[in-house]
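Residue-level structure breakdown
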Amino acid sequence: MDEDDGLLLNFASPDTTSTSYSNTRDKRSATKVTGGKWKDRRKLQLSLQGRGRNQKKDKSASGVNNSSIGNPRIDKIRAEAAAKKALEGNDAKSSDSKDSKDESKKRPSTDPIHGPTSKQIKFSESKGEFGGKNNSYVSSLFTSNESSSQLKVSKGDEQTTYLPSNAPMKDATTFEGLGLNEKLSKHLTETLRFKHPTKVQRTVVPAMISTERDLFIKAQTGSGKTLSFLLPIFHKLMMEDKNKITRDSGLFALILTPTRELATQIYGVLETLTRCHHQLVPGIVIGGEKKKSEKARIRKGVNILVGTPGRLADHLENTESLNISQLRWLILDEGDKLVELGFEETITKITDMITKRSEIMESMHKWQGLPTRRINLLCSATMQNNVEKLGSIILNNPEMVSVDYVPGTVAFETNSSASEGAKEMTAPDQLIQSVVVVPPKLRLVTLSAMLKKISNESNSSDSDETTRTIVFFSCSDSVNFHFDVFTRNGHGFKKVKNEETGKVETIEVSSTNDDDENDLQEENDKQGQMTAPIIGENTVLYKLHGSLSQQNRTATLQAFIKDTKSKHSILFCTDVASRGLDLPNVSSVVEYDPPFTIDDHLHRIGRSARVGREGKATLFLLPGNEEGYVDDKIQVVHPKKGNLRIVSYETLLKDGFSAKEEVEERKVGKKDPKSKEGKWDIHATTWHLDVERWLLEDSAEHDKAVQAFTSHIRAYATHLSTERNFFNVKLLHLGHLAKSFGLRETPKKLGKSVGTNSGIQEGSRKGKKEDPRKKMLRMAKMALKSTSNEFNY
Ligand SMILES: Nc1ncnc2c1ncn2[C@@H]1O[C@H](COP(=O)(O)OP(=O)(O)OP(=O)(O)O)[C@@H](O)[C@H]1O
């Protein structure tokens, strides 16, 4: 529990009152400035002491001279300057506050998390105030030591191409050869255009057709697990004799999934299969939908029912027409997630009810050709202890089906016991995993650069296919806030209504010729700065998380899947989208917030590189302890040499914020990649300042930013205790991290202002000073209470 006191201490960092601030200023005036010409050194020294010429400009811009009130243009410039000043203030306060001082004593001189102390900043590195290129202002975003990562950046030529490990194999094996009937096999090859079965299908389909054993299926993400268990069920139910199964025959298969989205997806696959045999009727029961209409559909009769555990248990208890006496198959998809979400008890209740009711009815032998006992099946791409626990509840002497791939050959591993062959699952061989170590205050701007880069690449590609990118955040609040950042009107994206559904919030890129953009360009030009760059043209942004209504969730996902008009679609989401979702052409997955477990990582990145397709994934980490996660965890699940790459955030920023020609020059080697030339840092700074200014002007959005920041910290505090050596909330630099939420306030001030939302400053709200021990306990309890549900879904 004492792990959490860091959180408390950080929020309650000593006040940066005027006294401490003036001390800071004294300290700063004593700062030794080295390098560069003496004139420049003197200028910087004066500005550090608050005596520089530019300080006057700064004062007037921040509102001392009121003569121009009411002039919107000047107001804009002022707001810019105010934001600029806020950045400096925030920086000075956060890096010079007492706790930073204390921390710096403990830290090595180039502390990777907290950056260098003011004394370490060399003149050549410090671009504060008006000392930047072209005498233009460059924000303190770039004052920290930029090469603080211990990980060696990969060279461009280190990449290796591997054969896909989850693709259907091109050989003589057919679906019919696996034992499936002709009608179904023909439907697969001719209508769905699946030429050959995948590895997992080659193992599971014959096993389910010819034996009556329970199965434990483990195979890589995107390897076709869903069809591997649906095909044999369908095959068996498609009986052509006089005992033909119709919707009145009863329910034969139940499929449980952890998320509503996955249930909907499996229901969709079932519907495509019924196109070759209309007599079979699938059904779906999920939370968030109208129970009454679900009841009506069940009453009409369904043969295969897919649903989420809570809603299914509800129907089993309250819907009389739901007859499970003839059930032959019980499938649990994404078993580990079902357990993690706390469905273990509900699942036990469901299996108890099924067992009881099938004992009363004596119909097991009524249908020739169907299994004579209920077959239970557990499916998971990864296998943790909790899956085994679930297995022990529902499986009876199961057969373990684990499909592993050895380059050049195919190796199927079929073990008789579930505990054997419990090898760690790895990422698809063809997936390229990048890791980028980004200082906390540069996170947002790096994400922006990255999305802009991907959008530019999609726009310049000849392919007609829509490229899709998924960005994972740790909590719903963070998704909401970042969605607003990238869609704020007039600066990149615009809100529009989805034409098809009329419900979904669909977001479209605004044109650079927009009036607002022109105004901004003029203002920026006057200050020697550039327009805040947009992420890219033809790019649409969606958001998905568990706090949205089910209608919105379903419509958003459909819109994201069916979006074929834009060149690039981006989905900002929580882990609600990480399990089992099969989204077309996801070329990139970005883990902006680190996963809560290594399994979550595998599932997130598994949305890309599916069934043999190429795919890329990028993981954002903070400098320092988080870097250890690469060697300890990431490397293990990405064993293919050369596929795991360390990328420099600076390169991402340059690619995202440089002019197109410069990026091209760097690509063809005309420009030194380490070159500081170009205006990328000014553009990046302008972009960030624009976000900050937007938050200063819009209090509702500012509150959202504060809420997102606190939820993010709370989510971070819930990382598994076994992974605290990488993700320790104590070690976060809250001041710098707040900046990547566009916030200018220090953590202490934040704590006060978010008290109502987060409960972090409950004590101070009551006007009493809370006992630090009690406060610490309350904080720890709060973090524990915040279940993964809140953050992930
Ligand atoms: N034999 C096949 N040939 C070509 N494509 C296939 C084949 N079987 C399945 N697919 C397609 O592969 C994609 C991935 O399948 P599926 O969603 O079942 O993967 P999965 O293994 O369950 O992945 P995850 O672990 O992420 O849930 C789907 O679009 C599916 O239509």
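All values derive from a computational prediction rather than experimental measurement.

Counting its regular elements, the protein contains 31 helices and 17 strands. Residues counted as buried form 58% of the 793 residues belonging to the protein. Contacts in the protein between residues at least 24 apart in sequence constitute 76% of all its contacts with a sequence separation of at least 6. Of the roughly 34,000 Å² that the protein leaves accessible, carbon and sulfur atoms contribute 50%.

This part takes up the site of the ligand. Looking at the ligand, there are 21 residues lining it, with Gln 201, Lys 225, Thr 226, Asp 582 and Arg 610 nearest. Separating an oxygen atom of the ligand from a backbone N or O atom of Ser 223 is a distance of 3.0 Å. A distance of 2.7 Å separates an oxygen atom of the ligand from a polar atom in the side chain of Lys 225. At three residues, helix α9 (residues 225–237) tops the list of elements feeding residues into the shell around the ligand. Its residues assigned to classes, the shell around the ligand shows six nonpolar, ten polar and five charged.

On to the confidence of the model for the protein. Mean pLDDT over the protein stands at 73; residues scoring 70 or higher make up 62%. With pLDDT under 50 throughout, residues 784–793 is counted as low confidence; its partners more than four residues away or in other chains account for 36 contacts. Taken over the whole predicted complex, pTM reads 0.73, whereas the ipTM for its chain interfaces reads 0.99.

Nonpolar side chains tend toward joint burial in soluble globular proteins. Ranked by internal contacts, the top residues of the largest apolar core, which has 87 residues, are Leu 447, Val 471, Phe 486 and Phe 572. A total of seven residues in this core trace back to one element, the largest contributor, which is helix α16 (residues 443–460). If we ignore the near neighbours within four places in the chain, the residues touching Val 471 are Leu 447, Leu 451, Ile 570, Leu 571, Phe 572, Cys 573, Val 590 and Tyr 592. Ranked by size, the runner-up nonpolar core spans 48 residues in total, among them Leu 230, Cys 276, Leu 370 and Ile 375.

A separate point is the environment of Gly 369. Along the chain, Gly 369 turns up in the loop between α14 (344–360) and β6 (375–380). Accessibility expressed as a relative area gives 52% for Gly 369, which makes it exposed.

Moving on to the pairing of strand β2 (residues 253–256). Burial along β2 is two-sided: Ala 253 and Ile 255 and Leu 254 and Leu 256, pointing in opposite directions, are all buried. In terms of strand pairing, β2 meets strand β4 (residues 304–307) through four bridges, oriented parallel. Looking across to β4, one finds that Leu 254 is bridged to Leu 305. Direction of pairing for β2 relative to strand β5 (residues 329–333): parallel, over a ladder of four bridges. Within β5, the position partnered with Ile 255 by the bridge is Ile 331.

To continue, consider the packing of α16 against helix α24 (residues 680–697). Viewed as axis vectors pointing N to C, α16 and α24 meet at an angle of 115°, and their least axial separation amounts to 10 Å. As for how α16 packs across α24, the hand of that crossing is right-handed. Contacts from Leu 444, Val 445 and Ser 448 in α16 reach Ala 684, Trp 687, His 688 and Val 691 in α24. Counted by class, the contact of α16 with α24 contains five nonpolar, two polar and no charged residues.

Scanning all chains against the criterion turns up 14 aromatic pairs. A ring pair is formed by Tyr 542 and Phe 560, whose centres lie 5.6 Å apart and whose planes are at 75°; its orientation type is edge-to-face. Highlighted residues: Tyr 542 in strand β13 (residues 539–544) and Phe 560 in helix α19 (residues 550–562), separated in sequence by 18 residues. An aromatic cluster is built from Phe 473, Phe 486, Phe 572, Tyr 592, Phe 620, Phe 657 and Trp 687, whose rings are joined through pairwise contacts. Arg 443 extends its terminal NZ or CZ atom over the ring of Tyr 592, reaching a point 4.0 Å from the ring centre. Stacked on the ring of Trp 687, the Lys or Arg Arg 488 has its end atom at 5.5 Å from the ring centre.

You can see Thr 469 is positioned in strand β10 (residues 467–472). Classification of Thr 469 by relative accessible area gives buried; the value is 0%. Among the polar contacts made by the side chain of Thr 469, one reaches the side chain of His 568 at a distance of 2.7 Å.

Our focus in this paragraph is unusual backbone geometry. Although it is not a glycine, Arg 193 adopts a positive phi angle of roughly 60°. Note on placement: Arg 193 falls in the loop between α7 (182–191) and α8 (199–210). Look at Arg 193 and you get exposed, because its relative accessible area is 62%. Of note in this structure, Asn 397 is not a glycine but carries a positive phi near 45°.

A word on the environment of Tyr 592. Inspection of the secondary structure assignment puts Tyr 592 in the loop between β15 (586–591) and α20 (598–605). Here the alpha-carbon distance between Tyr 592 and Val 471, two residues 121 residues apart in the chain, equals 6.5 Å. A polar contact is formed between the side chain of Tyr 592 and the backbone nitrogen of Leu 444, at a distance of 3.2 Å.

Once that is clear, we can look at the pattern of salt bridges. Counted by the stated rule, this structure contains 22 salt bridges. A salt bridge links Asp 214 to Arg 373, with the shortest nitrogen-to-oxygen separation between them at 3.2 Å. With a gap of 159 residues between them, Asp 214 in the loop between α8 and β1 (215–218) and Arg 373 in the loop between α14 and β6 connect regions that are remote in the sequence. Take Arg 373: its relative accessible area is 27%, and that puts it in the partly exposed class. One salt bridge connects Lys 337 with Asp 600, and the closest N-O pair in it is separated by 4.0 Å. Taken together, the positions of Lys 337 in helix α13 (residues 335–340) and Asp 600 in helix α20 put the pair 263 residues apart, joining distant regions of the chain. Assigned by exposure class, Lys 337 and Asp 600 land together as buried.

Before going further, it helps to examine helix α21 (residues 628–637). The complete set of buried residues in α21 reads Tyr 629, Val 630, Ile 634 and Val 637. Down the axis of α21, the buried set is contained in an arc of 90°. They therefore lie on one face. Where α21 is buried, its residues meet β9 (431–437), α20, β16 (615–621) and β17 (644–647).

Before going further, it helps to spend a moment on the pairing of β15. Of all six residues making up β15, five are buried, and the element is well covered by its neighbours. Relative to β15, β10 is paired through five bridges, and the arrangement is parallel. Its bridge partner lying in β15, Val 471 is registered against Val 590. Pairing of β15 with β16 involves four bridges; the strand directions are parallel. Counterpart to Glu 591 in the pairing with β16 is Leu 619. The parallel pair β15 and β16, bridged by α20, forms a crossover whose chirality is right-handed.

Criteria and cut-off values
Residues numbered from 1 in each chain as written. Predicted model: local features only at pLDDT ≥ 70, side-chain atom pairs only at ≥ 80, totals over all residues. Heavy atoms only, no water. Helix = DSSP H or I, 4+ residues; strand = E, 2+ residues; numbered from the N terminus. Buried < 20%, exposed > 50% of the residue type's maximum accessible area, 1.4 Å probe, protein only. Contact = heavy atoms within 4.5 Å. Areas by Shrake-Rupley, 256 points an atom, 1.4 Å probe, with all protein chains shown as cover. Near = heavy atom within 4 Å. Polar contact = N/O pair within 3.5 Å; in protein donor to acceptor, adjacent residues only side chain to side chain. Nonpolar A, V, L, I, M, F, W, Y, C, P; charged D, E, K, R; others polar. pLDDT = per-residue confidence, 0-100. Core = buried A, V, L, I, M, F, W, Y, C linked by side-chain atoms within 4.5 Å. Pairing = 2+ DSSP bridges. Axes fitted to C-alpha atoms, helices over the stretch in contact; angles between N-to-C directions. Left-handed = near helix turned anticlockwise from the far one by under 90°. Phe/Tyr/Trp six-rings, centres within 6.5 Å; stacked < 30°, edge-to-face > 60°. Lys NZ or Arg CZ within 6 Å of the ring centre and 35° of its normal. Salt bridge = Lys/Arg side-chain N within 4 Å of Asp/Glu carboxyl O. Arc of directions from axis to C-beta. Right-handed = clockwise from strand over helix to strand, strands pointing away.

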